[in-house]
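Residue-level listing of the chains:
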Amino acid sequence: MKTVHFKIDRKYFWLEFGFIVFISFAISLISDLEYSAYEEHDITKFSKEYGYRLVTGSAALICYSIYYWGFLKVYVFRRSLIGVIMTSFAFIILDRLIEKYIVNWLVIHSEFVTPETRERAMRYMHARFVVTFNYPLISTIFPFTGLAFVVRSFTQDQDMKALKEQQLITELNYLKAQLHPHFFFNTINNIYALALKGSARTAPMIARLGDMMRYILYKTQHPTVPLTLELAFLSDYIEVEKLRHTMNTKIQYDLQGIRTNYDIEPLLLLPFIENAFKHGLEEETGDGSVQIVICQTDEDLTLLVKNTVPQDTRAKAGPGIGIQNVRKRLDILYPNRYQLNINETPGFHEVTLILTDP
């Protein structure tokens, strides 16, 4: 048999404690008020029994607390119906014994209890021992069992939320792990192409790549980064692309209204920009162009990426792993708070991403 441990949750302690206090003191107090008002026609007479209610209420508070936290709640959380029934049955009998012998003894020996009440307690103590189940079930067992189920439901909701958050973090880390090799693979390919040509731009590109690697290694481990850092990283990436492409290529990078107190999930915007260079200019033989605009207002952040599409690449397959991953990340990070539109027009590919502030 499993050992029973007290099941006290700090988050719901005061809710449970307040409920136990209410059952222990308030119900009997309300009963006294009603009896004084309707039977004795003097509501102030309820105060005669304050000493008796203090003794019985204090005893009930101790017994109810042990019953609820020590046994009932434990079995409810274990989903043990037999444990709940057996514990409740035992509680009814023990509570009746405690009330008959211990509580009445305390009342008899309490100086602040009226003589009439002490005499009544003496008669009850020596009367025949009788156990009734109806009243304890209605006044104690059912309310406490319901409370335990409510707290269990709250706890399960909290645990489920924590599990979902952990699953989201795991999935995001997996998507980032896919993105990093993908990004470095493309950039190293660019450097390799320049090295084959013996280009003097190879060294500056490697220096830029080093800066970007430091950002990815040390900054992207955080859930969010300042938008200004993310934009500085994107600037380095765009400069690397400028080194690789010809002077005839037009590359425009424009920032508007950027706030310094705004955070963003790292590497969220990169796949759209990377995709524009990879598929828009890689095989361009004419005057290709890439236009990147990042605009921020009080309500949202907007990314616009527009690039030319070479004639011989229009029939190629759709977006690669980077765009697929970023769609999943957007669904996780910005549920119902983003708009992503990808449009193809004759000779151009355009992406618009809008992130709405919470």
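As the structure is a computational prediction, the values presented were derived from the model and not from experiment.

**Student:** Would you explain the packing of aromatic side chains in this entry?
**Tutor:** Think of a pair of aromatic rings as described by two things: how far the centres are apart, and how the planes are tilted against each other in angle. By the definition in use, this model includes 15 aromatic pairs. When the ring of Tyr-67 is compared with that of Phe-144, the centres are 6.3 Å apart and the planes differ by 65 degrees; the resulting orientation is edge-to-face. Of this pair, Tyr-67 sits in helix α2 (residues 50-77) while Phe-144 sits in helix α5 (residues 134-196), placing them 77 residues apart in sequence. Per residue, the accessibility class of Tyr-67 equals that of Phe-144, and both read buried. Among the aromatic side chains, those forming a connected cluster through ring pairs are Phe-13, Trp-14, Phe-17, Phe-19, Tyr-64, Tyr-67, Tyr-68, Trp-69, Phe-91 and Phe-144. Over the face of the ring belonging to Tyr-52 we find Arg-120, whose NZ or CZ atom lies 5.6 Å from the ring centre.

**Student:** So what exactly am I meant to see when it comes to the pairing of strand β4 (residues 289-296) here?
**Tutor:** Every other side chain in a regular strand lies on the same face of the sheet, so the side chains alternate between the two faces. As paired elements, strand β2 (residues 250-256) and β4 share 7 bridges and run parallel to each other. Its bridge partner lying in β4, Gln-252 is registered against Gln-291. Of the strand pairs in this sheet, β4 and strand β5 (residues 300-308) are connected by 7 bridges, and their pairing is antiparallel. Across the sheet, the residue bridging to Ile-294 is Leu-303, located in β5. With antiparallel pairing between neighbouring strands as the criterion, β4 and β5 make up a hairpin whose turn holds 3 residues.

**Student:** Is there a simple way to explain the pairing of strand β7 (residues 348-356) in this structure?
**Tutor:** As judged from the 9 bridges shared by β5 and β7, these two strands associate in the antiparallel manner. Bridging from a neighbouring strand, Thr-308 pairs with Phe-348 of β7. The sheet contact formed by strand β6 (residues 338-345) and β7 spans 8 bridges and is antiparallel. Opposite Asn-341, over in β7, you have Thr-352 as the bridge partner. Between β6 and β7, which pair antiparallel and follow one another directly, the connecting turn spans 2 residues, one of which, Gly-347, has a positive phi of 85 degrees.

Criteria and thresholds
Residues numbered from 1 in each chain as written. Predicted model: local features only at pLDDT ≥ 70, side-chain atom pairs only at ≥ 80, totals over all residues. Heavy atoms only, no water. Phe/Tyr/Trp six-rings, centres within 6.5 Å; stacked < 30°, edge-to-face > 60°. Helix = DSSP H or I, 4+ residues; strand = E, 2+ residues; numbered from the N terminus. Buried < 20%, exposed > 50% of the residue type's maximum accessible area, 1.4 Å probe, protein only. Lys NZ or Arg CZ within 6 Å of the ring centre and 35° of its normal. Pairing = 2+ DSSP bridges.

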